[in-house]
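Architecture and fold: a report
What follows is each chain in one-letter form.
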Amino acid sequence: DHPQVINVTHEDLYTLMSVSNLLISDYSSVYFDFCLLEKPMIAYVPDYEHYLDTIGLNVDLYKDFPYVCKTMDELNTLLHSNLQYNDIFREKFVVYKDGNNTKRVVEVIKDLMK
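Predicted, not measured: the structure shown is a model, and the values here were computed from it.

**Brief notes about a nonpolar patch on the surface**
Residues V105, V108, I109, L112 and M113 make up a contiguous nonpolar surface patch of about 540 Å² in total accessible area. Tracing the backbone shows I109 in helix α7 (residues 101-112).

Written as structure tokens, this is what we have:
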């Protein structure tokens, strides 16, 4: 119950991404979709070492990610900075940017079904 907070629990994720200025998430794969929008992304990971030791990551956040914060102070500082889109993540993980990815997947499936 706060005038500046809107509960979007039941909203479509892709609609929310399209109207958002930036993404703050933890270890979610939502980064892979959001990076296509060419908007800033922040990994907020206060439990980074524990997560890395117990579950593990497929992505090296400190190498492959534009902005990483472990504390609320770091996040607050970053949010009050001149945050810009950085394509380091997209360049590494999105190989094809020509709009034909679905076509390629369909072709692979067709080949597998032969």
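The structure having been displayed, the exposition proceeds.
**Concerning the layout of surface pockets**
Roughly 190 Å³ of internal volume is contained in the largest pocket. Y27, S28, F32, L57 and V59 are, among the 14 residues lining the largest pocket, the residues nearest its centre. Broken down by secondary-structure element, the contributors of at least two residues to the lining of the largest pocket are α2 (30-34) and α6 (88-93). Looking at the lining of the largest pocket residue by residue, the classes come out as ten nonpolar, three polar and one charged. Of the pockets and cavities examined, the second largest pocket occupies roughly 160 Å³. Elements with a minimum of two residues in the lining of the second largest pocket: α1 (13-19) and β1 (23-25). At three residues, α1 tops the list of elements feeding residues into the lining of the second largest pocket.

**Examining the state of the cysteines**
Taken as a whole and judged by the stated rule, the model has zero disulfides. Not part of a disulfide, C35 finds its nearest cysteine sulfur in C69, a span of 18 Å. Residue classification places C35 among the buried residues on the basis of a relative accessible area of 1%.

**As for the packing of aromatic side chains**
According to the stated counting rule, one finds eight aromatic pairs in the structure shown. Look at F89 and F93: their rings are 4.8 Å apart centre to centre, the planes differ by 45°, and that puts the pair in the tilted class. One end of the pair is F89 and the other is F93, both in helix α6 and four residues apart, which spans about a single turn. Of the aromatic side chains, those joined through ring pairs into one cluster are Y31, F32, F65, F89 and F93. Across from the ring centre of Y96, 3.8 Å away, lies the NZ or CZ of R104, which sits over that ring.

**Some remarks on unusual backbone geometry**
Backbone geometry places E38, a non-glycine residue, at a positive phi of 55°. Summarising the element assignment, E38 is placed in the loop between α2 and β2 (41-44). When its relative accessible area of 42% is taken as the criterion, E38 is described as partly exposed.

**Considering the pairing of β2**
Direction of pairing for β1 relative to β2: parallel, over a ladder of three bridges. The partner of L23 across the bridge, within β2, is M41. Two elements, β2 and strand β3 (residues 68-69), share two bridges in a ladder whose sense is parallel. The partner of A43 across the bridge, within β3, is V68.

**Section: the pattern of salt bridges**
Throughout the structure, instances matching the rule amount to seven salt bridges. Measuring nitrogen to oxygen at the nearest pair gives 3.2 Å for the salt bridge that ties D64 to K92. Note that D64 is positioned in helix α4 (residues 61-64) and K92 in helix α6, a separation of 28 residues in sequence. For D64, a relative accessible area of 6% gives the class buried.

Conventions adopted
- Residues numbered from 1 in each chain as written.
- Predicted model: local features only at pLDDT ≥ 70, side-chain atom pairs only at ≥ 80, totals over all residues.
- Heavy atoms only, no water.
- Patch = residues over 30% accessible without salt bridge, like charges linked within 9 Å, V, L, I, M, F, W, Y side chains within 5 Å.
- Areas by Shrake-Rupley, 256 points an atom, 1.4 Å probe, with all protein chains shown as cover.
- Salt bridge = Lys/Arg side-chain N within 4 Å of Asp/Glu carboxyl O.
- Helix = DSSP H or I, 4+ residues; strand = E, 2+ residues; numbered from the N terminus.
- 1 Å grid on protein atoms, 1.4 Å probe; cavity = no way out; pocket = protein on both sides within 12 Å on 5 of 7 lines; lining within 4 Å.
- Points joined across faces, edges and corners; volume = space filled by probe spheres on them.
- Nonpolar A, V, L, I, M, F, W, Y, C, P; charged D, E, K, R; others polar.
- Disulfide = S-S within 2.5 Å.
- Buried < 20%, exposed > 50% of the residue type's maximum accessible area, 1.4 Å probe, protein only.
- Phe/Tyr/Trp six-rings, centres within 6.5 Å; stacked < 30°, edge-to-face > 60°.
- Lys NZ or Arg CZ within 6 Å of the ring centre and 35° of its normal.
- Pairing = 2+ DSSP bridges.

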